[in-house]
Amino acid sequence: MISLTDTLQDWTAERLIDEYGDELLRLCLFYMGDRQLAEDAFQETMVKAWRALENFRGESGMKTWLFHIAVNTCRDMLRSGWFRMRKKSVPLDVMPELDEHAREIAAAVLSLPGKYREVMVLYYEQGMRIREIAEALHMPLNSVSSRLRRAKALLRNEVEGGNDA
C-alpha cells in the first residue's frame, strides 16, 4: 500500500496501477456497465491521478482519493453528450468470473439510478466503509447511509420482482 512516507519519486504510474488497478477497473465496469467505456474511464482516471499526484495531500487514503477521481470521471462520461449518443458495446457478460446469479445481481445493481449504484458498488464490491465512501464522494455520512439503505430496498424489489416472472 502506498503511504505518505513514500516520496513522490517512489510513486510511479505502474505502482498505482499495480496497487489499485484491478479495483479501479472493476469500479469503472460496474459504474459504466460497459467494458470499453470502463477501460476508457480507467485510463482517464489514471491520467488524472498521475497529473494530480504532486497535489495529493494525504487528507484521505490513496485508495479513497483514486476512487473519488474514478467516480467523478465516470460521472463526467455518463453526463457527456457523446455518451448519450453512443450505444453500449459490450455487456457485463464479459466478466467471466461472475456466475449466473452474480451476473443477475450485477445487472440489477447497474439498473439502479447512479447515486444509488455508486454507493452499492463502493460498499459491497470495493469493501469501503461508509466513512470512506463519504470521503470519496464528498458527502455527509448520513447521506451515504440513507442512499445505501434506499439502494438495498430498490435492489431487493428488483430481485424479488424478477423472481415472480
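Residues numbered from 1 in each chain as written. Predicted model: local features only at pLDDT ≥ 70, side-chain atom pairs only at ≥ 80, totals over all residues. Heavy atoms only, no water.

Remarks on the packing of aromatic side chains
In this structure the tally under the stated criterion is one aromatic pair. With centroids separated by 4.8 Å and ring planes inclined at 85 degrees, the aromatic side chains of Tyr-123 and Tyr-124 adopt a geometry described as edge-to-face. Of the residues examined, Tyr-123 reaches a relative accessible area of 30% and is grouped as partly exposed. Tyr-124 sits in the partly exposed class, given a relative accessible area of 46%. In this structure, Lys-63 packs its charged tip against the face of Phe-67, placed 5.6 Å from the ring centre. The lysine or arginine in question, Arg-117, covers the ring of Tyr-31, its NZ or CZ lying 5.3 Å from the ring centre. (Phe/Tyr/Trp six-rings, centres within 6.5 Å; stacked < 30°, edge-to-face > 60°. Buried < 20%, exposed > 50% of the residue type's maximum accessible area, 1.4 Å probe, protein only. Lys NZ or Arg CZ within 6 Å of the ring centre and 35° of its normal.)

Quick look at the nonpolar core
Core analysis: the largest hydrophobic core is formed by 46 residues, its most contacted members being Leu-24, Met-62, Trp-65, Leu-66 and Leu-122. Contributions of two or more residues to this core are made by helix H1 (13–32), helix H2 (35–52), helix H3 (62–79), helix H5 (100–111), helix H6 (114–125), helix H7 (130–137) and helix H8 (141–164). Setting aside its immediate chain neighbours within four residues, Trp-65 contacts Ala-49, Ala-52, Leu-53, Phe-56 and Ser-60. (Core = buried A, V, L, I, M, F, W, Y, C linked by side-chain atoms within 4.5 Å. Helix = DSSP H or I, 4+ residues; strand = E, 2+ residues; numbered from the N terminus. Contact = heavy atoms within 4.5 Å.)

A few points about H3
Taking 1.5 Å as the rise per residue, H3 with 18 residues should run 26 Å; its terminal C-alpha atoms sit 26 Å apart, in good agreement. All of the buried residues along H3 are Met-62, Thr-64, Trp-65, Leu-66, Phe-67, His-68, Ile-69, Ala-70, Val-71, Thr-73, Cys-74 and Met-77. (Expected span 1.5 Å × (residues − 1).)

A closer look at H5
Every α-helix winds through 3.6 residues per turn, so residues three or four apart in the chain are directed the same way. When the terminal C-alpha atoms of H5 are compared, their 17 Å separation across 12 residues agrees well with the 16 Å that a helix rising 1.5 Å per residue should span. Within H5, the full set of buried residues consists of Ala-106, Ala-108 and Val-109. Each buried residue of H5 sits inside an arc of 160 degrees when the element is viewed along its axis, so together they form one side. (Arc of directions from axis to C-beta.)

Things to note about the pattern of salt bridges
Within the structure shown, the criterion is met by five salt bridges. Between Glu-39 and Arg-35 there is a salt bridge, and its shortest N-O distance comes to 3.4 Å. With Glu-39 and Arg-35 both in helix H2, this residue pair falls four residues apart, about one helical turn. Using a relative accessible area of 27% as the deciding quantity, one classes Arg-35 as partly exposed. As a salt-bridge pair, Arg-79 and Asp-76 come within 2.9 Å of each other at their nearest N and O atoms. Placement of the pair is Arg-79 and Asp-76 together in helix H3, with a separation of three residues, close to one helical turn. Under the relative-accessibility criterion, Asp-76 is labelled partly exposed at 40%. A single network of salt bridges, built from pairs that share partners, joins Arg-75, Glu-118 and Arg-147. (Salt bridge = Lys/Arg side-chain N within 4 Å of Asp/Glu carboxyl O.)

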